[in-house]
Amino acid sequence: MAAPMSANRFITALRSEGLTVVEVGSWRTHNRNHKGPWGPVHGVMIHHTVTHGTPYTVALCRDGHPDLPGPLCHGVIAKDGRVHLVGHGRTNHAGSGDSDVLAAVIAEKRLPVDHTANTDGNRHFYGFECENLGNGKDPWPAVQLDAIARAAAAVCRVHGWTAPSVIGHLEWQPGKVDPRGFTMASMRARVTERLK
């Protein structure tokens with residue numbers, strides 16, 4: 001079991017991994033903690049935003065929309081590789097997912113196929129939304145893919161986790177497709193290299 005990082009530790013970890021971090025408003029206290037606890041944390045979840053344009057994407061992920069209040073993640077990873085911090089604490093990013101997947105993440109083992117949505121993921125995962133249309137055609141710049149790996153590795157390094165602790169939303173919740181345009185196996189390989 002791991003307690004979530006403090007906001008100061010989180011931003012320090014990201015910067016120590018060589019990332020450019022942008023602090024957005026009162027991100028340190030912007031959360032959904034009134035809806036339930038954040039923690040223990042067990043992994044990192046990667047998403048795509050289905051948006052275009054960094055200012056719009058960051059604002060959406062910070063504020064959410066009427067059907068899903070923000071913050072929608074902890075950090076937004078833009079096309080240029082910058083990480084915009086929009087929340088700290090419980091965020092609306094993971095939703096309900098498969099308890100067997102969570103067990104595999106905790107054990108740092110190969111993930112089973114996600115069949116059910118019976119476990120609260122917002123409680124147990126750090127979430128990074130990555131700016132991309134998610135149509136399989138919108139490119140993923142090399143600097144952005146590198147930043148995703150660095151951000152995931154930063155969290156793993158602090159908690160002593162390995163790459164199997166990094167999953168995609170599509171591996172957590174049935175019916176989800178994100179991130180689309182690269183494989184999570186390739187991203188976990190990048191994280192493994194960073195952690196070396």
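Residues numbered from 1 in each chain as written. Predicted model: local features only at pLDDT ≥ 70, side-chain atom pairs only at ≥ 80, totals over all residues. Heavy atoms only, no water.

1. Things to note about the pairing of strand E9 (residues 125-130)
In terms of burial, E9 is a largely internal element, six of the six residues being buried. Residues of E9 alternate between two faces, with Phe125, Gly127 and Glu129 on one and Tyr126, Phe128 and Cys130 on the opposite face, all of them buried. One ladder, built from six bridges, connects strand E2 (residues 43-48) with E9; its direction is parallel. Bridge pairing in E9 places His47 opposite Glu129. Taken together, the three bridges between strand E5 (residues 75-77) and E9 define a ladder with parallel strand orientation. What sits directly across from Gly75, in E9, is Phe128. (Buried < 20%, exposed > 50% of the residue type's maximum accessible area, 1.4 Å probe, protein only. Helix = DSSP H or I, 4+ residues; strand = E, 2+ residues; numbered from the N terminus. Pairing = 2+ DSSP bridges.)

2. Overview of the environment of Trp172
Note on placement: Trp172 falls in the loop between strand E10 (166-168) and helix H6 (184-195). You can call Trp172 buried: its relative accessible area is 0%. Sequence separation between Trp172 and Gly121 is 51 residues; the distance between their C-alpha atoms is 8.3 Å. Of the polar contacts made by the side chain of Trp172, one reaches the backbone oxygen of Gly95; its length is 3.3 Å. (Polar contact = N/O pair within 3.5 Å; in protein donor to acceptor, adjacent residues only side chain to side chain.)

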